[in-house]
Amino acid sequence: MARLSLPTTARLSSSLRVDPANNTVIKTLSRLSRSSLLSLVLDWLDERNQSICPPLLRDPDDPSHDDEDEDDFYPPAHSLPELRDIYEGMQARKGGRREVVDRVLEGDWRYGVSLYQLAMADLQHLYDHPGGLKWTAYRIQRLQTPAHEDDAEGPEKADKESLTVPRFHPSTFLQNLQAEVLPDVKAHYNFDRPKGLPLLLLRIFILDSPYNTDLAVSARHRGRSGINGISANRSIPTSFDASRTIYIAFPDASPHIYIAKSSSPSPSSAAAAASAAGEAKSLRALIVEGIPKALSRPRERYALKATDLSTKNLAAMLAVKGAGRTNAASGGWGVYAGAAREDSKNDNPLQTLLPTPPLSDASAADNGEKKRESGRKRSSRLADPAEVEDEKQAKRARTAAQARFGDAARIGDEKGVERVDVVLEDPFPSDVGVAPADDDDEEDDRAARIAAAVASRKRKSGGRRSTIDFSSLRRDEEDVDEDNDSREGRRGEGDGDDVEGGGGEGGWTPRVRLSFHGPHVFAGMRQLVEAGIVDGARMPGWMTGEEGVTAGAVRHGRIRGFRGSGV
């Protein structure tokens, strides 16, 4: 009797094998370099991995295979040590990547590659190309426990005073997350810990199938006579067009998680691409909604809050939204965190104790003598007063850059953010170039020019549509407006005109959007300050990176992306 496969809610097993002729398998292995692929294969051949990724070995008790192996281009090895020696020999000599891929798919794993092997290959490509995925940070917030039954019926509110971090156990989390996945799809989960990064990485591979057996990775037609002459009992490779891969990073001892955009195989048509993009967004939204439910417990509910921080650099993400002391002390405020020094206790300006050992008078005198000698050499070398003034300005600019950026935003720190998008919502300054008040004609001309500019702007339509996503800022609109109202109420009534929303009685608000691109945006800002191009004393704080956001709206000089640092 044929084996039955029934729809189930269980996840896919790591030992489930995919046909080596599958295009996804070939592309996954072919994008690795020769050295990375050989190192990966040797990991597959480890004794601990033989239960989920065993290779094809020759059966010593069956002599009939000897005749079959004579015509085999890649004859099976007799044992695991012999197969390891073959791949170690390939490591010692030069060659192409195609040689390794052909031996893996047509020789040692000709009967299928397991989902665990695909996960390891995908993670190896991520480690070889750390900037291949764009990560978005989310803050885990605890929800307030309703005190009465009437409060439970209303919307859930975040407990902003709570410092509780949910307890994370991988197996329990996967079990709870699997309950949130749709029943007509199946997922394979794989945890891994990258070297040198204090985080746990979860790879979720999702297939559009209700089965968790071989039917999930094959195109076997259940109970049908066949299609296009293909027998119903024959299994053909799937195209994996409906598969999705999502990465989730859990930093150690941090109230944040990082989610990467879902990746999928390249569709064959434009309609398929549009459909795949829609499915990827819905799948990402489903995962974002399921993660806090999987972390929650009875009477301890959590929710995810977008932080408007997106980057391809995990090291930069850990520096801003990690477990360190720089989460709310970025930029020049990092001196209070003491994260860049060996001894953080003595690096705090609030430290009342003197440094140990104290500076001796002899060393202070030697330092003063060296400074005077270098000053005499510099003054003799720079006889031109203009050069002396230029040197003073350059020193003043470097001092301002050090004060505003601190030890952060340097080219070689490997914590670069590649893009920053900002919307300016400040009103156009009305006191720039204003004529004296007694000149009525010039006042009328100025008012007419402003009215004409506003009218022409309202008539404008079309143009290039912006691709910047500020959806998370709209979600915080009500909270920010309440904060602004309370702040303005403390300052006093009638301090200024309301010009939000593109115009008002007091002036005109232009729509200005700034986008900064580069391998390290804030390091470039620091270089501009050191070169004297940007005034370090007057530049806003969001240009130094101290707010910890890569997308935000500036209103009244302050950025509005998740309230800056999120404190």
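Please refer to the structure higher up on the page.
Criteria and thresholds
- Residues numbered from 1 in each chain as written.
- Predicted model: local features only at pLDDT ≥ 70, side-chain atom pairs only at ≥ 80, totals over all residues.
- Heavy atoms only, no water.
- Axes fitted to C-alpha atoms, helices over the stretch in contact; angles between N-to-C directions.
- Helix = DSSP H or I, 4+ residues; strand = E, 2+ residues; numbered from the N terminus.
- Parallel < 35°, antiparallel > 145°, perpendicular 65-115°, else oblique.
- Left-handed = near helix turned anticlockwise from the far one by under 90°.
- Contact = heavy atoms within 4.5 Å.
- Nonpolar A, V, L, I, M, F, W, Y, C, P; charged D, E, K, R; others polar.
- Patch = residues over 30% accessible without salt bridge, like charges linked within 9 Å, V, L, I, M, F, W, Y side chains within 5 Å.
- Areas by Shrake-Rupley, 256 points an atom, 1.4 Å probe, with all protein chains shown as cover.
- Salt bridge = Lys/Arg side-chain N within 4 Å of Asp/Glu carboxyl O.
- Lys, Arg positive; Asp, Glu negative; His and termini not counted.
- Charge placed at Lys NZ, Arg CZ, Asp CG, Glu CD.
- Buried < 20%, exposed > 50% of the residue type's maximum accessible area, 1.4 Å probe, protein only.
- Pairing = 2+ DSSP bridges.
- Expected span 1.5 Å × (residues − 1).
- Arc of directions from axis to C-beta.
- Core = buried A, V, L, I, M, F, W, Y, C linked by side-chain atoms within 4.5 Å.

Considering the packing of helix H1 (residues 23–30) against helix H6 (residues 115–128)
And step 1. Following both chains from N to C, one finds H1 and H6 inclined at 40 degrees, their axes separated by 9 Å at the closest point. Classified by the interaxial angle, the pair formed by H1 and H6 is oblique. In this structure, the crossing between H1 and H6 has a hand that is left-handed. Of the residues in H6, those in contact with Val-25, Thr-28 and Leu-29 of H1 are Leu-118, Ala-121 and Asp-122.
And step 2. Classifying every residue of the contact of H1 with H6 gives 4 nonpolar, 1 polar and 1 charged.

Description of a negative patch on the surface
And step 1. Where like charges cluster on the molecular surface, the negative patch consists of Asp-384, Glu-387, Glu-389 and Asp-390.
And step 2. One can find Asp-390 in helix H13 (residues 385–405).
And step 3. Accessibility expressed as a relative area gives 46% for Asp-390, which makes it partly exposed.

Quick word on the sheet that holds strand E8 (residues 302–311)
And step 1. Taken in spatial order, the 6 strands make up an open sheet running E4-E5-E6-E7-E3-E8, and their pairing is antiparallel. Strand pairing shows two members of the sheet lacking a second neighbour, strand E4 (186–192) and E8, which therefore form its edges. The average undirected angle you get between the axes of adjacent strands in this sheet is 25 degrees.
And step 2. Sheet analysis places strand E3 (residues 135–142) next to strand E7 (residues 256–260), joined by 5 bridges and oriented antiparallel. Bridge pairing in E7 places Thr-136 opposite Ile-259.

Observations regarding the packing of helix H2 (residues 34–44) against helix H4 (residues 80–92)
And step 1. The geometry of H2 relative to H4 is characterised by a closest axis approach of 10 Å and an angle of 160 degrees between their N-to-C directions. Of the possible angle classes, the one that applies to H2 and H4 is roughly antiparallel. Where H2 crosses over H4, the handedness of that crossing is left-handed. Between H2, through Arg-34, Leu-38, Ser-39, Val-41 and Leu-42, and H4, the contact on the second element is made entirely by Arg-84, Tyr-87, Glu-88, Met-90 and Gln-91.
And step 2. In the contact of H2 with H4, the residues fall into 5 nonpolar, 2 polar and 3 charged.

Examining the environment of Leu-177
And step 1. Residue position: Leu-177 is located in helix H8 (residues 170–180).
And step 2. Separated by 115 residues in the primary sequence, Leu-177 and Pro-292 have C-alpha atoms spaced 9.1 Å apart.
And step 3. Not counting residues within four places of it along the chain, the set of residues in contact with Leu-177 comprises Tyr-189, Ile-204, Gly-290, Ile-291 and Ala-294.

Looking at H4
And step 1. Relative to the 18 Å expected for 13 residues at 1.5 Å per residue, H4 spans 18 Å between its end C-alpha atoms, a close match to the ideal helical length.
And step 2. Residues of H4 that are buried: Leu-80, Leu-83, Tyr-87 and Met-90. Taken down its axis, H4 places every buried residue within 85 degrees of arc, on the same side. Residues of H4 that are exposed and point more than 90 degrees away from the buried face comprise Asp-85 and Ala-92.
And step 3. Its buried side turned inward, H4 meets H2 and helix H5 (97–108).

Details of the pairing of E3
And step 1. The buried count for E3 comes to 6 of 8 residues, which makes it a mostly enclosed element.
And step 2. Sheet analysis places E3 next to E8, joined by 7 bridges and oriented antiparallel. Considered in E8, the bridge of Gln-141 is made with Ala-303.

As for a nonpolar patch on the surface
And step 1. Taken together, the side chains of Trp-333, Val-335 and Tyr-336 define a hydrophobic patch exposed on the protein surface, amounting to about 290 Å² of accessible area.
And step 2. A relative accessible area of 36% places Tyr-336 in the partly exposed class.

Quick word on the nonpolar core
And step 1. Counting 34 residues, the largest nonpolar core has Leu-29, Trp-44, Tyr-87, Val-104 and Trp-109 as its most contacted members.
And step 2. Every element with two or more residues in this core is listed here: H1, H2, H4, H5, H6 and strand E5 (199–207).
And step 3. Among the elements that line this core, the one with the most residues is H2, at 6 residues.
And step 4. Residues in contact with Tyr-87, not counting those within four places in the same chain, are Leu-38, Val-41, Leu-42, Leu-45, Arg-103, Val-104, Asp-108 and Trp-109.

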